[in-house]
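# Summary of structural features
Listed below are the residues making up each chain.
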Amino acid sequence: IKHTQYIKVKNKGITYFLICDEYEPIEKIKNRLAALAERTPETIRLYLDRKPLDDNFTCHDQKVANNSVVEALFKVTVDEKEEWEQFPVDVAPEEQEETAVKPEEKSQTNAYQLSLIHI
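Before going into details, it helps to say that this report is about the structure given with it. A quick note: this is a predicted structure, and the numbers were derived from the prediction, not measured. (Residues numbered from 1 in each chain as written. Predicted model: local features only at pLDDT ≥ 70, side-chain atom pairs only at ≥ 80, totals over all residues. Heavy atoms only, no water.)

## Observations regarding the overall build of the protein
In terms of helices and strands, the protein carries 1 helix and 9 strands. Ordered by position in the sequence, the α and β elements of the protein form the string β-β-α-β-β-β-β-β-β-β. Classification of the 119 residues of the protein by burial places 35% in the buried group. Across the protein, every contact between residues at least 6 apart in sequence was considered, and the portion connecting residues at least 24 apart equals 49%. When the accessible surface of the protein is split by element, carbon and sulfur atoms take 49% of a total near 8,100 Å². (Helix = DSSP H or I, 4+ residues; strand = E, 2+ residues; numbered from the N terminus. Buried < 20%, exposed > 50% of the residue type's maximum accessible area, 1.4 Å probe, protein only. Contact = heavy atoms within 4.5 Å. Areas by Shrake-Rupley, 256 points an atom, 1.4 Å probe, with all protein chains shown as cover.)

Written out as structure tokens, the structure is:
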């Protein structure tokens, strides 16, 4: 029996909607996200509730449930030096506004990308 679920992966104003299997390793999810974000999997770290997700374990093992919001941090180059992005500073809900842009279907990867604008 397939245990299909949907997760939201967020990074700096962009939310990727991914379809995955509950028993799929995080590594496979990172590979699909890498293709969407035009990165390599080695330059992506995934977090649930600010705790790192282990590539070798499944969504089920790490309590990544249907509709979970997972944060992605990317390795970036700053002043000719590679470093990991930092978690964004939390903003109170009344201080932020999100405007959704029409999702663009990515049929070959079974995912949708939705851009969010924070004002």
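## A word on the pairing of strand β5 (residues 68-78)
Looking at chain direction, strand β1 (residues 4-11) and β5 are connected through 4 bridges and run parallel. Across the sheet, Ile7 pairs through a bridge with Ser68, a residue of β5. The pairing of strand β3 (residues 44-48) with β5 spans 4 bridges and is classified as antiparallel. Residue pairing in the sheet places Leu46 in a bridge with Ala72 of β5. Relative to strand β6 (residues 81-84), β5 is paired through 4 bridges, and the arrangement is antiparallel. Bridge assignment links Val76 to a residue of β6, and that residue is Glu83. (Pairing = 2+ DSSP bridges.)

## As for helix α1 (residues 26-37)
For α1, built from 12 residues, the straight-helix expectation of 16 Å at 1.5 Å per residue is met to within 8% by its first-to-last C-alpha distance of 16 Å. Looking at the residues trailing α1, positive phi occurs at Glu38, about 55°. (Expected span 1.5 Å × (residues − 1).)

## Details of the pattern of salt bridges
Evaluation of the coordinates by the stated rule reveals 4 salt bridges. The salt bridge partner of Arg32 is Glu24, with a shortest N-O separation of 2.6 Å. Per residue, the accessibility class of Arg32 equals that of Glu24, and both read buried. When the shortest N-O distance is used, the salt bridge between Asp55 and Lys30 registers 3.1 Å. With Asp55 in the loop between β4 (51-52) and β5 and Lys30 in helix α1, the pair connects residues that are 25 residues apart, well separated along the chain. Judged by its relative accessible area of 9%, Lys30 falls in the buried class. (Salt bridge = Lys/Arg side-chain N within 4 Å of Asp/Glu carboxyl O.)

## Section: the environment of His60
Looking at where His60 falls in the secondary structure, it is placed in the loop between β4 and β5. In contact with His60, other than residues within four places in its own chain, are Glu22 and Tyr23. At a separation of 2.8 Å, a polar atom in the side chain of His60 contacts the side chain of Glu22. (Polar contact = N/O pair within 3.5 Å; in protein donor to acceptor, adjacent residues only side chain to side chain.)

## Here we look at unusual backbone geometry
With phi around 65°, Arg50 is a residue other than glycine that occupies positive phi space. Topologically, Arg50 is positioned in the loop between β3 and β4. Unlike most non-glycine residues, Asn67 shows phi in positive territory, near 75°. In this fold, Asn67 is placed in the loop between β4 and β5.

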